[in-house]
Amino acid sequence: MLEIIEDIELQTPILIKLGGSVITDKEHEFKAKEETIKRLADEIAAAKVPAIIIHGAGSYGHGIAKKYGLHFGMKERTQFRMFSFLRIQMDELREIVSQALFDVGLNPFPIQPSAIFTTLNGQVFHFEDHALLQAIRMNFTPVLHGDAILDYRKGSTIISGDLLCEILAKYIGPTKCVFVTDVEGIYTKDPKTYPDAELLEHLKISDVLRLLKSGNVGESKYDDVTEGMRGKLKKILPIIDSGSEVVVINGNKDGALYNVLIGAKERGTYIYPK
Ligand code: ATP
Ligand code: IP8
């Protein structure tokens, strides 16, 4: 008879959101940036911290979701077909990320979010958490991602990796949540459009609320059904509320993720609970 492993002390993992803007080429549909993914995997392994990896969709998901309105729901035959197609693409991207983590010696536990979450009118209705919790207890590195989800009322919805960070932060209470994107953090306005935009290195909740009101934090220029950096900021508020520190950094910069994971100095936006 096997001993049941369920009473191991839970080591609080750090949540790492690998943005679709870093791990995929947003100029070309279904193109992963495999070298960047390998380097980020290397940095995660080198930091030797327990982590949950949540990745975005980038060019594997936002284009199809937008074209077929899968974030609004499903009524037509083509949409059902495209829902399946999008799900397969996300499985493929998750496999690339998981394989990279495996190759650097970690033990990834890939999880398909659409198999453990359902929604009702876009709100999470059901979350089957047992395998995820057990994977954390057993020191696996869970890998989840933004996904196309079955919705009891609308047929389908899209949940972002950022929303998964919010849900898991409330659930697990990580000390830190790191958002890895293609810019160095949150700026006074979109740095890709405005060269005079300034990086905001330290933010409090009141600053985040002010930024959201200002309308200066938006989407990238590419297809995006989850509100881009603005959507991220909205999810960051409840994450901060749950007591976790939030950091936004540039994943295209060598060593930035490693530095943040080990608590070394790194350029980025730091948002604190107090
Ligand atoms: P995905 O949603 O595919 O996972 P991601 O999480 O990596 O992607 P995006 O949603 O692409 O990130 O958001 C990052 C983009 O947000 C940047 O490339 C930038 O152009 C845009 N952006 C808009 N406003 C701001 C701002 N005020 N500060 C920083 N970035 C901004
Ligand atoms: O890239 C979106 O997740 P995100 C998921 O984290 C899909 O916003 C399938 C578009």
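Criteria and thresholds
- Residues numbered from 1 in each chain as written.
- Chains lettered and ligands numbered in written order.
- Predicted model: local features only at pLDDT ≥ 70, side-chain atom pairs only at ≥ 80, totals over all residues.
- Heavy atoms only, no water.
- Near = heavy atom within 4 Å.
- Polar contact = N/O pair within 3.5 Å; in protein donor to acceptor, adjacent residues only side chain to side chain.
- Areas by Shrake-Rupley, 256 points an atom, 1.4 Å probe, with all protein chains shown as cover.
- Helix = DSSP H or I, 4+ residues; strand = E, 2+ residues; numbered from the N terminus.
- Nonpolar A, V, L, I, M, F, W, Y, C, P; charged D, E, K, R; others polar.
- Pairing = 2+ DSSP bridges.

K.L.:
Give me the site of ligand 1: which residues, what numbers.
P.N.:
Contacts to ligand 1 come from 26 residues, most closely from G20, S21, D182, D190 and K232. Interatomic distance of 2.8 Å between a backbone N/O atom of G20 and an oxygen atom of ligand 1. Coverage of ligand 1 by the protein amounts to 98% of the 640 Å² it exposes when considered alone. Of all the secondary structure elements, the ones that give two or more residues to the shell around ligand 1 are α1 (20-23) and α9 (228-241). Per-element accounting of the shell around ligand 1 gives the leading share, three residues, to α9. Split by residue class, the shell around ligand 1 holds six nonpolar, 11 polar and nine charged.

K.L.:
Provide a residue-level description of the site of ligand 2, including the pertinent values.
P.N.:
Near ligand 2 there are 13 residues, and of these K17, A57, H62, G161 and T226 occur at the shortest range. For ligand 2, an oxygen atom lies 2.9 Å from a polar atom in the side chain of H62. Between ligand 2 and the protein, one listed contact pairs an oxygen atom with a side-chain N or O atom of T226 at 2.6 Å. Contact with the protein chains covers 97% of the free accessible surface of ligand 2, which is 320 Å².

K.L.:
Which residues make up the sheet that holds strand β10 (residues 202-203), and what values go with them?
P.N.:
The strand order β3-β6-β2-β1-β9-β11-β12-β10 describes an open sheet built from eight strands, whose pairing is mixed. The strands lining the two open edges of the sheet, one partner per strand, are β3 (108-110) and β10. Direction of pairing for β10 relative to strand β12 (residues 269-271): parallel, over a ladder of two bridges. Paired with H202 across the bridge in β12 is Y270.

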